[in-house]
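A structural walkthrough
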Amino acid sequence: MFGLLKQSIIGRAILSGALDFEAVDIRDYSLDKHKKCDDMPYGGGSGMVMTVQPIVSATRAIDPQNRMRKIYLSPRGRVFNNTIAKELAKEDGLLLLCGHYEGVDQRALDICGYEELSIGDYVLTGGELAAMVVIDAVSRFVDGVLGSDASSEEESFSDTLGGLLEYPHYTRPAEFEGHKVPDVLLSGHHAQIKKWRMEKAKKITEKMRGE
């Protein structure tokens, strides 16, 4: 699944050395002879729970000095956003734990010091897609990943826009099937363009978020 990260911007950043990424199979650290990593939950209930031993062993092997910030992708965690992405981009290393089934044994989180992070109020079949969302969003704030630092400075949720959603974009041709690019964007008047973009950002934010 994580082969997706080898594509496009993130893939180029990994090749250039701006990012370093490794996918680790927790099953490799299971002491069970069948490499089993899940079991039935104590107290009853449906589904299976990932067991504590393989997670703890894998975590300790990956980060023996306990220096990495550890995150468990979970729907009950604090909701991921642009501010958190910037925060995580400053870390020297991130260790993302992807859950499966009904989740993981709580002791694994407590022993290893994992914090919980959610990409939204819904449930996925596994944490891999959520981890890739976090990796992609965080990577954009790492030096050398984007072709231009300005690419992340004036977009939805950015400080430049005061946390507003981004304004509409247009490019050539100036007219297509009767639909024209707004005259202000063709005027070359930077102050007016900036004002127009901010007004549009406010209207879009109000429409989409009710703010």
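Below or above, wherever it landed, is the structure these notes cover.

Moving on: the overall build of the chain. The number of helices and strands found in the chain is seven helices and seven strands. Shown N-terminal to C-terminal, the secondary structure of the chain runs as helices and strands in the order α-β-β-α-β-α-β-α-β-α-β-β-α-α. For the chain, the C-alpha radius of gyration of 22 Å lies well beyond 17 Å, the compact-globule estimate for 211 residues. For the C-alpha atoms alone, the extent of the chain along its principal axes is close to 70 × 40 × 30 Å. The buried share of the chain, reckoned over its 211 residues, is 34%. Sequence separation of 24 or more characterises 65% of the internal contacts of the chain that already satisfy a separation of 6 or more. When the accessible surface of the chain is summed, it comes to about 13900 Å², and 51% of that surface belongs to carbon and sulfur atoms. Averaged over its 26 positive side-chain charges, the chain has a centre that lies 3 Å from the centre of its 32 negative ones.

So, on to the layout of surface pockets. Each pocket or cavity is described by its volume, and for the largest pocket that value is around 1100 Å³. Contributing to the lining of the largest pocket are 41 residues, with Phe21, Glu22, Ala23, Leu94 and Leu96 lying nearest its centre. Mapped by element, the contributors of at least two residues to the lining of the largest pocket are helix H1 (8-16), helix H2 (52-62), helix H3 (82-89), strand E4 (94-98) and helix H5 (128-139). Top contributing element to the lining of the largest pocket by residue count: H5, with six residues. Here the lining of the largest pocket is composed, by residue class, of 30 nonpolar, four polar and seven charged. Of the voids in this model, the second largest pocket is the one considered here, and its volume is about 380 Å³. Forming the walls of the second largest pocket are 25 residues, and the residues nearest its centre are Tyr72, Leu73, Ser74, Pro75 and Gly103. Within the residue set of the lining of the second largest pocket, elements represented by two or more residues are strand E3 (69-79), helix H4 (106-112) and strand E5 (115-118). The dominant element in the lining of the second largest pocket, judged by the number of residues it contributes, is E3, at five residues. Partitioning the lining of the second largest pocket into residue classes produces twelve nonpolar, ten polar and three charged.

Another point: the sheet that holds E3. Pairing is parallel in the open sheet, where three strands are placed in the order E4-E3-E5. Two strands in the sheet have a free side with no partner beyond their single neighbour: E4 and E5. Neighbour to neighbour, the strand axes of the sheet diverge by 50 degrees on average, direction disregarded. Across five bridges, the pairing between E3 and E5 is parallel. Paired with Arg78 across the bridge in E5 is Leu117.

Following Arg172, the chain continues to Pro173 via a peptide bond in cis, the omega torsion being 5 degrees. In this fold, Pro173 is placed in the loop between H5 and strand E6 (175-176). Even without being a glycine, Ser8 presents a positive backbone phi close to 55 degrees. Within the secondary structure, Ser8 is located in helix H1.

Topologically, Asp25 is positioned in the loop between H1 and strand E1 (38-39). Residue class for Asp25 comes out partly exposed when judged on its relative accessible area of 41%. At 3.0 Å, the side chain of Asp25 forms a polar contact with the backbone nitrogen of Arg27.

For the rest of this paragraph, the subject is the pattern of salt bridges. Under the counting rule described, the total for this entry stands at eight salt bridges. Notably, a salt bridge pairs Glu91 with Arg69, separated by 3.0 Å at the nearest N-O pair. Taken as a pair, Glu91 in the loop between H3 and E4 and Arg69 in strand E3 lie far apart in primary sequence, 22 residues in all. Between Glu115 and Arg69 there is a salt bridge, and its shortest N-O distance comes to 2.7 Å. Placement of the pair is Glu115 in strand E5 and Arg69 in strand E3, with a sequence separation of 46 residues. For Glu115, a relative accessible area of 25% corresponds to the partly exposed category. Taken together, the salt bridges that share partners define one network made up of Arg69, Arg78, Glu87, Glu91 and Glu115.

Analysis parameters
- Residues numbered from 1 in each chain as written.
- Predicted model: local features only at pLDDT ≥ 70, side-chain atom pairs only at ≥ 80, totals over all residues.
- Heavy atoms only, no water.
- Helix = DSSP H or I, 4+ residues; strand = E, 2+ residues; numbered from the N terminus.
- Rg over C-alpha atoms; globule rule 2.2 N^0.38 Å.
- Buried < 20%, exposed > 50% of the residue type's maximum accessible area, 1.4 Å probe, protein only.
- Contact = heavy atoms within 4.5 Å.
- Areas by Shrake-Rupley, 256 points an atom, 1.4 Å probe, with all protein chains shown as cover.
- Lys, Arg positive; Asp, Glu negative; His and termini not counted.
- Charge placed at Lys NZ, Arg CZ, Asp CG, Glu CD.
- 1 Å grid on protein atoms, 1.4 Å probe; cavity = no way out; pocket = protein on both sides within 12 Å on 5 of 7 lines; lining within 4 Å.
- Points joined across faces, edges and corners; volume = space filled by probe spheres on them.
- Nonpolar A, V, L, I, M, F, W, Y, C, P; charged D, E, K, R; others polar.
- Pairing = 2+ DSSP bridges.
- Axes fitted to C-alpha atoms, helices over the stretch in contact; angles between N-to-C directions.
- Polar contact = N/O pair within 3.5 Å; in protein donor to acceptor, adjacent residues only side chain to side chain.
- Salt bridge = Lys/Arg side-chain N within 4 Å of Asp/Glu carboxyl O.

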